[in-house]
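Descriptive structure summary
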Amino acid sequence: MRGGVFPSRHHGLPLAEARLAQRERAIAEQRVRHRHRDQEQRVFPAAVRRREHPAVRPVRRERDDEDRQEHQRNAAATDAEQDQRRMHEEDLAIGIDLGGTNTDFGIVDRSGKVLWRGGIKTKNHKEISSYLEELFLAMLPIIEHAGGVSRIKGIGVGAPNGNFYKGTIEHAPNLAWKGVIPMAQLMEEKFGLEVVLTNDANAAAIGEMVYGAARNMKDFILITLGTGVGSGIVANGKLIYGHDGFAGELGHTMIIPDGRYHPGTGLYGSLEMYAS
């Protein structure tokens with residue numbers, strides 16, 4: 001009936017169609033959300049998609065910074081321990097620079113790094129025996145600090161008028177000890193170590209060629225200035241000693257005839273009297 005309380009079938013059609021349309025829209029929106037999620041998973045890695053609470057992020061960053069600093073401290077400590085262990089395990093050597101005025105010495109490693117050093121006054125000793133005694137007493141503390149004599153492989157000495165072939169100091173004009181001094185033998189007996197001796201300028205030339213300014217050079221001349229004038233000559237990568245071990249004594253070359261008198265050699269006008 002038109003005036004009854006129940007709606008007719010024609011009146012119910014618009015309501016059913018509206019519900020159907022609403023359901024279709026919901027299904028379409030859900031499909032769109034799924035499609036967007038699939039695209040995000042393909043494009044972004046899991047670490048980027050992960051969502052964290054804002055309060056968690058600062059704490060995590062602080063923890064990462066602390067871990068990084070701890071790692072750096074551990075790495076630095078490890079390097080220091082390795083350097084300390086290497087210093088106490090590798091072989092060392094003693095180097096002595098014997099000059100007319102001073103004697104400098106030090107303990108070095110294979111890289112040429114000076115680990116400990118010291119010195120005494122050469123000119124204070126008129127006798128070789130007193131010189132060796134003071135040198136021994138002055139070097140003893142650093143030898144013990146380095147781990148004892150067992151860690152020292154040997155002693156290298158650079159001395160004026162040093163003869164590499166014989167291990168002697170021969171007629172050095174700037175030293176108080178005259179004649180031929182068997183320095184290498186005397187030091188071996190005093191220290192109980194193998195000793196190699198050469199001219200001081202030659203020793204300096206070898207040092208510069210291996211560790212210093214003359215690295216990668218095959219031909220050069222090194223000049224030393226001190227109490228006297230010395231020189232070391234390197235040709236084709238080899239140090240020139242000469243047949244008697246005294247090649248390259250440029251300090252005793254005469255440059256001014258009848259010039260200044262050298263009391264140690266008795267010569268006049270030698271370079272050493274003008275440049276040392």
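Next up on the list: the packing of aromatic side chains. Within the structure shown, the criterion is met by six aromatic pairs. Here the aromatic cluster, defined as three or more aromatic residues joined through ring pairs, consists of Phe-164, Tyr-165 and Tyr-241. Note that Lys-190 overlies the ring of Phe-136, its terminal NZ or CZ placed 5.5 Å from the centroid.

With that out of the way, let us pick up the sheet that holds strand E5 (residues 162-163). The sheet built from three strands is open, its strands ordered E5-E6-E7 with antiparallel pairing. The two strands at the open ends of the sheet, each matched to only one other strand, are E5 and strand E7 (180-181). Alignment of E5 against strand E6 (residues 168-170), held across two bridges, turns out to be antiparallel. Within E6, the residue paired with Gly-162 across the bridge is Ile-169.

As a further point, take the side chain of Glu-90. Of note, Glu-90 is situated in the loop between helix H3 (56-87) and strand E1 (92-98). For Glu-90, which is buried and forms no salt bridge, the nearest opposite charge comes from Arg-110, at a distance of 5.5 Å. Each residue touching Glu-90, except ones within four places of it in the same chain, is listed here: Asp-109, Arg-110 and Arg-151.

Relative to the elements of secondary structure, Leu-250 occurs in the loop between strand E11 (238-239) and helix H7 (272-275). Among the residues examined, Leu-250 registers a relative accessible area of 32% and is labelled partly exposed. A C-alpha to C-alpha distance of 8.2 Å links Leu-250 and Glu-272, two positions 22 residues apart in sequence. In this structure Leu-250 touches Ile-221, Ile-223, Ser-231 and Leu-271, once residues within four positions along its chain are discounted.

Across the five residues that make up strand E8 (residues 195-199), a large majority, four, are buried. In this structure, strand E4 (residues 152-159) lies alongside E8, joined through five bridges in parallel fashion. Of the residues in E8, the one forming a bridge with Gly-156 is Val-196.

Phi at His-171 takes a positive value of approximately 55°, unusual for a residue other than glycine. Secondary-structure assignment places His-171 in the loop between E6 and E7. Non-glycine residue Asn-236 carries a positive phi angle of around 55°.

Here Asp-109 shows up in the loop between strand E2 (102-108) and strand E3 (114-121). For the pair formed by Asp-109 and Asp-91, sequence separation is 18 residues and the distance between their alpha carbons is 6.9 Å. Discounting chain neighbours no more than four positions away, the residues touching Asp-109 are Glu-90, Leu-92 and Leu-115. At 2.8 Å, the side chain of Asp-109 forms a polar contact with the side chain of Ser-111. Of the polar contacts made by the side chain of Asp-109, one reaches the backbone nitrogen of Lys-113; its length is 2.9 Å.

Moving on: helix H4 (residues 128-145). With 18 residues, H4 extends 26 Å between its outermost C-alpha atoms, agreeing within 8% with the 26 Å of an ideal straight helix rising 1.5 Å per residue. Helix geometry: H4 is bent most strongly at Met-139, by close to 35°, with proline Pro-141 lying one to four residues after it. Here H4 has its buried residues at Ile-128, Tyr-131, Leu-132, Leu-135, Met-139, Ile-142 and Ile-143. For H4, the elements touching its buried residues are E1, E2, E3, E4, E7 and helix H5 (183-191).

This part is about the pattern of salt bridges. Tallied over the entire structure, the rule returns two salt bridges. In this structure, Asp-91 and Arg-110 form a salt bridge, with 3.8 Å as the shortest nitrogen-oxygen distance. Taken together, the residues Asp-91 in the loop between H3 and E1 and Arg-110 in the loop between E2 and E3 connect sequence positions 19 residues apart. Judged by its relative accessible area of 31%, Asp-91 falls in the partly exposed class.

Let us look at the confidence of the model for the chain. Taken residue by residue, the chain gives an average pLDDT of 83. The fraction at 70 or more is 78%. In the model, residues 1-12 has pLDDT below 50 throughout and makes zero contacts with residues more than four positions away in sequence or in other chains.

Counting 32 residues, the largest nonpolar core has Ile-94, Ile-96, Ile-107, Leu-135, Ile-169, Met-183 and Met-187 as the members making the most contacts within it. Taken together, the elements giving at least two residues each to this core come down to E1, E2, E3, H4, E4, H5 and E8. Counting residues per element, this core draws most heavily on H4, at seven residues. Contacts of Ile-94, omitting those with residues within four sequence positions, involve Gly-106, Ile-107, Met-139, Ile-143, Ile-152, Gly-154, Ile-155, Gly-156 and Leu-193.

Reading the values: the criteria
- Along each chain, residue indices are assigned from 1 in the same order as the chain's sequence is written.
- Local features are withheld for residues below a pLDDT of 70 in this predicted model, meaning they are given only at 70 or higher, and side-chain atom pairs are given and counted only at 80 or more; totals for whole chains, interfaces and linings count all residues.
- No hydrogens and no water enter the side-chain calculation; it runs on all heavy atoms of the structure.
- To pair, rings of Phe, Tyr and Trp, with the six-membered ring standing in for Trp, must have centres within 6.5 Å; the planes then decide the type, stacked if under 30 degrees apart, edge-to-face if over 60, and tilted in the middle.
- Only when the NZ atom of a Lys or the CZ atom of an Arg is both within 6 Å of the ring centre and within 35 degrees of the ring normal do we say a charge sits over the ring.
- Strands were regarded as paired on the criterion that DSSP finds at least two bridges between them.
- The helix count covers DSSP runs of H or I at least four residues long, the strand count covers runs of E at least two residues long, and both are numbered beginning at the N terminus.
- Categorising residues by exposure relies on relative accessible area from a 1.4 Å probe, with only protein chains included: less than 20% of the type maximum marks a residue as buried, more than 50% marks it as exposed, and the intermediate range marks it as partly exposed.
- A positive count includes Lys and Arg, and a negative count includes Asp and Glu. His and the chain ends are not counted in either.
- For this analysis, a salt bridge means a side-chain nitrogen from Lys or Arg found within 4 Å of a carboxyl oxygen belonging to Asp or Glu.
- In this description, contact between two residues means that some pair of their heavy atoms is separated by no more than 4.5 Å.
- We define a polar contact as two N or O atoms separated by no more than 3.5 Å, with the added condition that, inside protein, one atom must be a possible hydrogen donor and the other a possible acceptor, whereas residues neighbouring each other in sequence contribute only through side-chain atom pairs.
- Here a helix's expected span is defined as the number of its residues, less one, multiplied by 1.5 Å.
- Two axes are fitted around each residue, one to the seven residues ending there and one to the seven starting there, and the angle between them is reported as the bend at that residue.
- Looking at any residue, its pLDDT shows the predictor's confidence there, from 0 to 100.
- We define the nonpolar core as a collection of buried residues of types Ala, Val, Leu, Ile, Met, Phe, Trp, Tyr and Cys that are connected through side-chain atoms lying within 4.5 Å of one another.

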